[in-house]
Amino acid sequence: MTLSKLILAITTILFVGCTIHSIFYIGFKKRTILYWILLPLFFAAMCAACLIENLAGMWVAIEATTLLSAPLICYHYTAESLEAMWKYLIICSIGIGLALFGTLLFMNGWYIPGFVFVLAGYGTKMGLAPFHTWLPDAHSEAPGPVSAFLSGALLNCSFLAITRFRDLLPEEHIVFADNAILALGLFSLFIAAVFIVRQTDYKRLLAYSSIEHMGLIAIMYSLHADDFIFQSHIAAHSLTKMMLFLVAGNLLLAYGTRNIASVHGLGRTMKLHAALWMLGILFICGMPPSALFFTEIGLVCSAPIWVASVVMVLLFVVFAGMSKVAIGMIFGQGDKLHSAEAKPISWTLSIVPVLALVVHFLVFAILFLCCFYA
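Along each chain, numbering runs from 1 in the same order as the chain's sequence is written. In view of the model being predicted, local features appear only for residues whose pLDDT reaches at least 70, and side-chain atom pairs are presented and counted only at 80 or more, with totals across whole chains, interfaces and linings using the full set of residues. Note that the side-chain values use all heavy atoms of the structure and ignore hydrogens as well as water.

(A) Representation of the packing of helix α1 (residues 3–25) against helix α10 (residues 227–255) in the model. To get an axis, fit a line to the C-alpha atoms, keeping to the stretch in contact for a helix; angles then go from 0 to 180 degrees between the N-to-C directions. Only DSSP runs of H or I reaching four residues or more are called helices, and only runs of E reaching two or more are called strands; each is numbered from the N terminus. Packing of α1 against α10 leaves a shortest axis separation of 10 Å and a crossing angle of 15 degrees. Considering their axes alone, α1 and α10 lie roughly parallel with respect to each other. The element α1 and its partner α10 pack so that their crossing is right-handed. Contact residues: L3, L6, I10, I13, L14, G17, C18, H21 and Y25 in α1; F230, Q231, I234, A235, S238, L239, M242, L246, G249, N250 and L253 in α10. Residues are grouped as follows: nonpolar covers Ala, Val, Leu, Ile, Met, Phe, Trp, Tyr, Cys and Pro; charged covers Asp, Glu, Lys and Arg; every other residue, Gly included, is treated as polar. When the residues that make up the contact of α1 with α10 are grouped by side-chain class, the tally is 14 nonpolar, six polar and no charged. Roughly parallel means an angle under 35 degrees; roughly antiparallel means over 145; roughly perpendicular covers 65 to 115; every other angle is labelled oblique. Two helices that cross are described as forming a left-handed crossing if the nearer one is turned anticlockwise from the farther one by less than a right angle, and a right-handed crossing if clockwise. Residue contacts are counted whenever heavy atoms from the two residues lie within 4.5 Å of one another.

Right under this line is the structure:
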């Protein structure tokens, strides 16, 4: 399957899942009219970015995703969500502007400077460090289904744009492009590891995890990883991150806070969500039986020794940071100073996260059989 078809399929699956979840999470009220108008338009813009092969047309589609998704980030109409929306608009607009300038250079034969601007521009929208600064705020302030859609679909579409320019480069410039993508991938993984271990907000924790996996995807692509392993990583990350953001949104509904220290004892009060949260964290960290276990092992085994060593160390740091948070939230006792009572939420909010987990198991089974019979 080509990368564009894969990302289109993933985007469609996530749209269906996030739409179904939004019915239970957002509902149909007067104040949600704009949400239900913009969500399918946002999806349509991402589909257009996947389907349009013309570089200028693709740029228009990705710019449209920025304009259509910004009000969704500000759905809660708080000061923090308003700040996150403007930060998203300003930073991503600057990035898209750089991508446009790079596209013009590229189309006129200035391949190296053109690709540099394109990588910086679309890398901003993809969440690659050091252009990632909008992502933690936007992902943490948006409603759960929107965060899931941003992380699991939009970042992939932006990555697709980078690959299209790289594939059009003359042969003599390929090494430069791959090294540049590798450098940003490693830096993104490093930044994610640093901020994950000190995180106090569980939705921002997931946002930095998205930066981590965009870095891993960039590293895999730059090192010409096996297409099946590479595409499986993209699919598994998107499914798992959708599940985690939807669960995080449910926890926010129940506890009314994103503060990690205030959410504890999930294993007693919200058993199903505790299981989903623990499994999701383990899966996104690449622990078996996660499909990401096979893809990350494939990366480490095929990468140069220095790249493999750096990746393994940083992945261990990420695992330590995220597992500590998950264990504390599920089994922790909390204290009087940091405490929030869980309010009951509808069981229907668990439907899509459970289905996403089942689909992830299917991806794992396919990878296991492929590796076993290889």
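(B) Inspection of the packing of aromatic side chains at higher detail. Only rings of Phe, Tyr and Trp enter the pairing, Trp through its six-membered ring, and a pair is recorded when the two centres are within 6.5 Å. The plane angle decides the type: under 30 degrees is stacked, over 60 is edge-to-face, the rest tilted. Enumeration over the complete set of coordinates arrives at 19 aromatic pairs. Arranged with centres 5.6 Å apart and planes meeting at 65 degrees, the rings of Y35 and Y75 form a pair that is edge-to-face. Within this pair, whereas Y35 is found in helix α2 (residues 33–51), its partner Y75 is found in the loop between α3 (55–73) and α4 (79–107), the two being separated by 40 residues in sequence. Here the two residues Y35 and Y75 agree in accessibility, since each one is buried. By the ring-pair criterion, three or more aromatic residues cluster together here, those being F15, F42, F43 and F149. Here, over-ring charges are defined by two tests on the NZ atom of lysine or the CZ atom of arginine: distance to the ring centre within 6 Å, and angle to the ring normal within 35 degrees. Over the aromatic face of Y75 sits the side chain of R31, whose NZ or CZ is 4.7 Å from the ring centroid. In this scheme, a residue with accessible area under 20% of its type's maximum is buried, one over 50% is exposed, and one in between is partly exposed, where area comes from a 1.4 Å probe on protein chains only.

(C) Seen up close, a nonpolar patch on the surface. Patch construction takes residues with relative accessible area above 30% that form no salt bridge. Like charges are linked within 9 Å, and nonpolar side chains (Val, Leu, Ile, Met, Phe, Trp, Tyr) are linked within 5 Å. Values of accessible area rely on a 1.4 Å probe in the Shrake-Rupley scheme; residue burial ignores everything except the protein chains shown. Any Lys or Arg side-chain nitrogen located within 4 Å of an Asp or Glu carboxyl oxygen qualifies as a salt bridge. Taken together, V16, I20, I23, F24 and F28 make up a surface patch of nonpolar side chains, about 450 Å² in accessible area. With respect to the helices, strands and loops of the structure, F24 is situated in helix α1.

(D) Focus on the pattern of salt bridges. On inspection of all chains with the given rule, the structure shows six salt bridges. In this structure, the salt-bridge partner of R258 is E141, at a minimum N-O distance of 3.1 Å. Highlighted residues: R258 in the loop between α10 and α11 (266–269) and E141 in helix α6 (residues 134–141), separated in sequence by 117 residues. The class for R258 is partly exposed, based on a relative accessible area of 22%. Among the ionic pairs, D167 bridges to R166, the shortest N-O distance being 3.6 Å. Among the residues examined, R166 registers a relative accessible area of 10% and is labelled buried. A single salt-bridge network, built from bridges that share partners, covers K87, D137 and R204.

(E) Here's a closer look at the nonpolar core. Counting residues in each nonpolar core, the largest one holds 139 residues, and the members touching the most others are Y122, F149, W277 and V311. Tallying contributions element by element places α10 first for this core, with 16 residues. As used here, the term nonpolar core means buried Ala, Val, Leu, Ile, Met, Phe, Trp, Tyr and Cys residues forming a set that is joined through side-chain atoms within 4.5 Å.

(F) Highlighting α3. Here a helix's expected span is defined as the number of its residues, less one, multiplied by 1.5 Å. The end-to-end C-alpha separation of α3 is 27 Å, in line with the 27 Å expected for 19 residues at 1.5 Å each. Definition of a polar contact: a pair of N or O atoms within 3.5 Å, with one able to donate and the other able to accept a hydrogen when the atoms are protein atoms, and with sequence-neighbouring residues admitted only if both atoms are side-chain atoms. N-capping of α3 is provided by N54, with a side-chain oxygen placed 3.0 Å from the backbone N of A56.

(G) Inspection of the packing of helix α9 (residues 202–222) against helix α12 (residues 271–284) at higher detail. The interhelical angle for the contact between α9 and α12, taken along N-to-C directions, is 25 degrees, at an axis separation of 12 Å. It follows that α9 is roughly parallel to α12 by the angle criterion. By crossing handedness, the relation of α9 to α12 is classed as left-handed. Along its contact with α9, which presents Y202, L206, S209 and H213, the element α12 presents W277, I281 and I284. Split by residue class, the contact of α9 with α12 holds five nonpolar, two polar and no charged.

(H) Region of interest: the side chain of T32. Positionally, T32 belongs in the loop between α1 and α2. Look past the residues within four positions of T32 in its chain and what remains in contact with it is I26, G27 and Y75.

(I) Structural context of unusual backbone geometry. Here the residue pair A129 and P130 is connected by a cis peptide bond, since its omega of 10 degrees sits within 30 degrees of zero. Structurally, P130 is set in the loop between α5 (111–126) and α6. Residue P289 is bonded to the preceding P288 through a cis peptide linkage, with omega at 5 degrees. Positionally, P289 belongs in the loop between α12 and α13 (291–302). Of note, Y77 is a non-glycine position whose phi angle comes to about 60 degrees, a positive value. With respect to the element layout, Y77 can be found in the loop between α3 and α4. Residue classification places Y77 among the exposed residues on the basis of a relative accessible area of 52%.

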